[in-house]
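Report on the structure
Take a look at the letters that make up each chain.
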Amino acid sequence: MRALYALYSDPDTAQRAVDSLRRAGVADRQITVISSEPFEEYEFSHRDKPTWIFWIAASGGALGLVLGYLLASGTQRAWPLSTGGMPIVAMWPNIIIMFELTMLGAILATVSSLFMTTKLPTTKSRLYDTEVSNGRILVGIEEPREDSVEKLERTLREVEPRMTRITRIESV
Amino acid sequence: MNLEEKNKINDDLLRPVFQTSRWFYVIVVLLGVIVLAGLGSWLYQMWFGLVVAGIKWPVYWAFYVTNFVFWIGISHAGTLISAILRLVNATWRRPVTRCAEVITVFALMIGAMFPIIHLGRPWLFFWLMPYPSERQIWPNFRSPLVWDFFAISTYLTGSTFFLLLPAIPDFALIRDRTTGLRRKIYGALALGWQGTTKQWHRLESAMQIMAIAIVPVAISVHTIVSFDFAMAPVPMWHSTIFGPYFVAGAIFSGIAALILAMAVLRKVLHLERYLHPVHFQNLGKLLLMMSLLWGYFTFAERLTVWYGNEPSEMAVFWSTQTGAYAPLFWTMVFCNFVIPFPLLAIRRLRTIAGTVIASSTIIAGMWLERFLIIVPSLANKNLPYSWGFYRPRPVEIMITIATFAAMALLYTLFSKAVPLISIWELKAGAHPRPVLKPQMEEEVEGLWGTRS
């Protein structure tokens, strides 16, 4: 993977850099913004906001509910023991098992979808700079066209001429 | 917030991870010795059998089950409180949440140990799990003890993720500041986290869902623990109020544990810049509310029993009011209500010291409350010929003390590996509130890609 990135000291400048890159004709999917904290109040952070994760969690919960019912009622029918005058498939106590497995299903589905959509865990090298941990914000372009690199470098530098550090990566 | 301020936060909160004082080793050794003494006592009990414990007919549930209920209650400190504060978007929660969530995970682990200790033959612990025997008979899903297994394992799973997911960006922070083996370990824990906008959104969405899911689970856990008692026809157990009574008590003791943990961390790790008096005041207000709620439940439960005047229940009632267990009962009332109430209600007294004193008495009082729910009822069952008395033996006392030491030890070791205040959440809390209007959000949604 080839990449070009700049590190900015504040989110205002990072936002300006993203806007400049767009004006320079870079597609949104090529722009990467990396920070050590979320910046809800900036437009660049609203990229990729829509998500199916809530529906996936709900589906996990529904699956858990069904499994809970099948586990409790299936085992009760498999060996029908009469207990305390309760029916063989006793729904009142089974609701507890169904509830717990519903929530477990929702929790596991949430965690799984978080990992799948963010492609974590990974051992692959990705665009990153340890300066991000010191509070800098990385604005990068992944796979820039060879003939546009010089222009993009200028675009990134012009946003904050004195402070910007530009790095080119030929392969990550 | 400029880069210098951000780095100051990083340095302050990562100091315990990177620097180790000799006091750390002293505390670890001291607590380790107590934990080892507890393990030794447990081994002694395994070798000689449960006869070395004080439990005997008719009181078969005593210290161990008290500890089980107590620690499960303490576990409500973290995830539940953290989830509620997250859902209501309380901005002051940010330095508090992780301190609280750690308590949940460790308290649950300790609490879940007690049914195993209580078994007497802990190597058969897998009998507690719902799986079919060789004759394909499953455990009875109508038994509250099986409900416990499902509730506690769901809560432990959820709480562990609730603690660890927001810790991933902090692991990445440590990864970037370390070298060698430490870098490899934290690199593995960070799972390759970069901090892209997509990752932040997914993490925050996941935490939101987890917060929504974990609140009913937490409530269900202590309700189900209360069902262990309420489903039995034992005097003063068979009560519809037990579910909410247990949940209120759990949140009450949980907040007290959280205040104590925060006070110790503030002092020992020098976190005065992050854990402010206002955090203690706000938690103190919550504690006051729970103290009143606990008092209300205790009164309602006792009044109903007294008014009903059932002979078997009155035997238990009087044993706690004027009989053998009365000193413990009135100590409990003092610890849970009489002492904390003025300390928390009078604003001038609701200081860090005031909330810590109140929390300390509440912890003691809530342990007594659990004991008084369990033992007097078993000691005074329906028929007088089955009455008895319980006196704890050194093995039980030592194991109980060791669990408190184990909690402190696990907390100390965790603080060495993970910052106990979520660094990225603290920084994000300093940002101005988002100003994007709904229609602008729609435009942004249209501008940036599709769902995934």
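Every chain's residues receive numbers from 1 upward, in the order its sequence appears when written. Each chain takes a letter, starting from A, and each ligand takes a number, starting from 1, following the order in which they are written. Totals for whole chains, interfaces and linings use every residue, but because this is a predicted model, local features are given only for residues with pLDDT of at least 70 and side-chain atom pairs only at 80 or more, for both listing and counting.

1. Let's talk about the overall build of chain B
Defined as follows: Secondary structure elements are taken from DSSP: a helix is a run of H or I of four residues or more, a strand is a run of E of two residues or more, and numbering for both begins at the N terminus. To get the radius of gyration, use the C-alpha atoms; to get the globule rule, take the number of residues to the power 0.38 and multiply by 2.2 Å. With C-beta atoms placed from the backbone, a residue counts as buried when 20 or more other C-beta atoms lie within 10 Å of its own, as exposed when 12 or fewer do, and as partly exposed for counts between those limits.
Helix and strand content of chain B: 18 helices and zero strands. Against the compact-globule benchmark of 22 Å for 452 residues, chain B has a radius of gyration of 24 Å, which places it among compact chains. Looking at chain B as a whole, 47% of its 452 residues qualify as buried.

2. So, the overall build of chain A
For clarity, the threshold we go by: Contact between two residues is assigned whenever their backbone-derived C-beta positions fall within 7 Å.
Helices and strands together make up the secondary structure of chain A, namely four helices and four strands. For chain A, the succession of helices and strands along the chain, N to C, is β-α-β-α-α-β-α-β. At 25 Å, chain A has a C-alpha radius of gyration far larger than the 16 Å of a compact globule built from 172 residues. Structurally, chain A occupies a C-alpha span of about 80 × 30 × 30 Å along its principal axes. Considering chain A as a whole, with its 172 residues, one finds that 40% of them fall into the buried category. Sequence-distant contacts, at least 24 apart, represent 81% of the contacts inside chain A between residues at least 6 apart.

3. With respect to the packing of helix H6 (residues 144-164) of chain B against helix H9 (residues 197-230) of chain B
Residues and elements named next belong to chain B. As a reminder, the rule being used: Convention adopted: a line fitted to C-alpha atoms gives each axis, helices being fitted over their contacting stretch, and angles between N-to-C directions are expressed from 0 to 180 degrees. We call two directions roughly parallel when the angle between them is under 35 degrees, roughly antiparallel when it is over 145, roughly perpendicular when it lies between 65 and 115, and oblique otherwise. Helix crossings fall into two classes, left-handed where the near helix is turned counterclockwise from the far one by less than a right angle and right-handed where it is turned clockwise. Throughout, the ten residues Ala, Val, Leu, Ile, Met, Phe, Trp, Tyr, Cys and Pro are labelled nonpolar, Asp, Glu, Lys and Arg are labelled charged, and all others, Gly among them, are labelled polar.
At their nearest, the axes of H6 and H9 sit 9 Å apart, and the two run at 150° to each other. Classed by the angle they form, the pair H6 and H9 counts as roughly antiparallel. Both H6 and H9 take part in a crossing whose hand is left-handed. Contacts between H6 and H9 involve Pro-144, Leu-145, Trp-147, Asp-148, Ala-151, Ile-152, Thr-154, Tyr-155, Gly-158, Ser-159, Phe-161 and Phe-162 from the former and Met-210, Ala-213, Ile-214, Val-217, Ala-218, Ser-220, Val-221, Ile-224, Val-225, Phe-227 and Asp-228 from the latter. Looking at the contact of H6 with H9, its residues break down into 17 nonpolar, four polar and two charged.

4. A look at the nonpolar core
The following threshold applies: Only buried Ala, Val, Leu, Ile, Met, Phe, Trp, Tyr and Cys residues enter a nonpolar core, and they are joined through C-beta atoms within 7 Å.
Formed by 145 residues in total, the largest nonpolar core has its most connected members in Ile-103, Ile-255 and Leu-258 of chain B. Ignoring anything within four residues of it in the chain, the contact list for Ile-255 of chain B reads Ala-77, Ile-81, Leu-283, Leu-286, Leu-287 and Met-290 of chain B. Ala-3, Ala-14, Leu-21 and Tyr-42 of chain A belong to the second largest nonpolar core, which has 25 residues in total.

5. Comments concerning the interface of chain A and chain B
The partner chain B presents 57 residues to the 60 residues of chain A that form the contact. Elements that contribute at least two residues to the side of chain A that touches chain B include exactly strand E2 (31-34), helix H2 (53-78) and helix H3 (91-117) of chain A. Top contributing element to the side of chain A that touches chain B by residue count: H3 of chain A, with 14 residues. Residue composition of the side of chain A that touches chain B, by class: 29 nonpolar, 20 polar and 11 charged.

6. Details of helix H7 (residues 168-176) of chain B
Residue and element names in this part refer to chain B. Among the nine residues of H7, nine are classified as buried, and the element is accordingly described as predominantly covered. Of all the positions in H7, only Ile-168, Pro-169, Asp-170, Phe-171, Ala-172, Leu-173, Ile-174, Arg-175 and Asp-176 are classed as buried. On the buried face of H7, the contacting elements are helix H1 (3-18), helix H8 (180-190) and helix H17 (423-429).

7. Brief notes about the environment of Phe-149 of chain B
Residues and elements named next belong to chain B. Examined against the element boundaries, Phe-149 turns out to sit in helix H6. Judged by the 19 C-beta atoms lying within 10 Å of it, Phe-149 falls in the partly exposed class. On a C-alpha basis, the gap between Phe-149 and Gly-354 in space is 38 Å, while along the polypeptide they are 205 residues apart. If sequence neighbours within four positions are ignored, Phe-149 has contacts with Leu-128, Met-129 and Pro-130.

8. As for the confidence of the model for chain B
Residue and element names in this part refer to chain B. In plain terms, the rule: Values of pLDDT, ranging from 0 to 100, describe the predictor's confidence in every residue of the model.
Chain-level pLDDT for chain B is 90 on average; 95% of the residues reach the 70-or-more range. Per-element mean pLDDT across chain B ranges from 48 in helix H18 (residues 438-447) up to 97 in helix H13 (residues 326-338). pLDDT under 50 marks residues 444-452. Its contacts with residues more than four places away, or in other chains, come to 17 contacts. Confidence estimates for the predicted assembly give a pTM of 0.90 and an ipTM of 0.92.

9. Comments concerning the packing of helix H3 (residues 63-74) of chain B against helix H5 (residues 97-119) of chain B
Residue and element names in this part refer to chain B. One can describe the packing of H3 onto H5 by two numbers: an axis separation of 8 Å at closest approach and a directional angle of 160°. Relative to H5, the element H3 lies roughly antiparallel. As H3 packs across H5, the resulting crossing turns out to be left-handed. Seen from H3, the contacting residues are Tyr-64, Val-65, Asn-67, Phe-68, Trp-71, Ile-72 and Ile-74; seen from H5, they are Ile-103, Ala-107, Leu-108, Ile-110, Gly-111, Phe-114, Pro-115, Ile-117 and His-118. Tallied by class, the residues present in the contact of H3 with H5 amount to 13 nonpolar, three polar and no charged.

10. A few points about the environment of Gly-284 of chain B
All names here are of chain B. Note that Gly-284 resides in helix H11 (residues 277-308). Between the alpha carbons of Gly-284 and Val-356 there is a distance of 9.1 Å; along the sequence they are 72 residues apart. Those residues in contact with Gly-284 that lie beyond four places of it in its chain are Leu-344, Arg-350 and Thr-355.

11. Points about the environment of Tyr-155 of chain B
Residues and elements named next belong to chain B. Locating Tyr-155 in the fold gives a position in helix H6. Residues Tyr-155 and Ser-75 lie 80 residues apart in sequence; the distance between their C-alpha atoms is 9.6 Å. Apart from the residues lying within four places of it in its own chain, the contact partners of Tyr-155 are Leu-108, Val-217, Ala-218 and Val-221.

12. Some words on unusual backbone geometry
Cis peptide bonds are those with omega within 30 degrees of zero, and the linkage from Leu-120 of chain A to Pro-121 of chain A qualifies with -5°. Along the chain, Pro-121 of chain A falls in the loop between H3 and strand E3 (137-142). With a phi close to 55°, Lys-119 of chain A is a non-glycine residue in the positive phi region. Within the secondary structure, Lys-119 of chain A sits in the loop between H3 and E3. Of note, the phi angle at His-270 of chain B is positive, near 55°, even though the residue is not glycine. Considering the arrangement of structural elements, one finds His-270 of chain B in the loop between helix H10 (242-268) and H11. For His-270 of chain B, a count of 12 C-beta atoms within 10 Å gives the class exposed.

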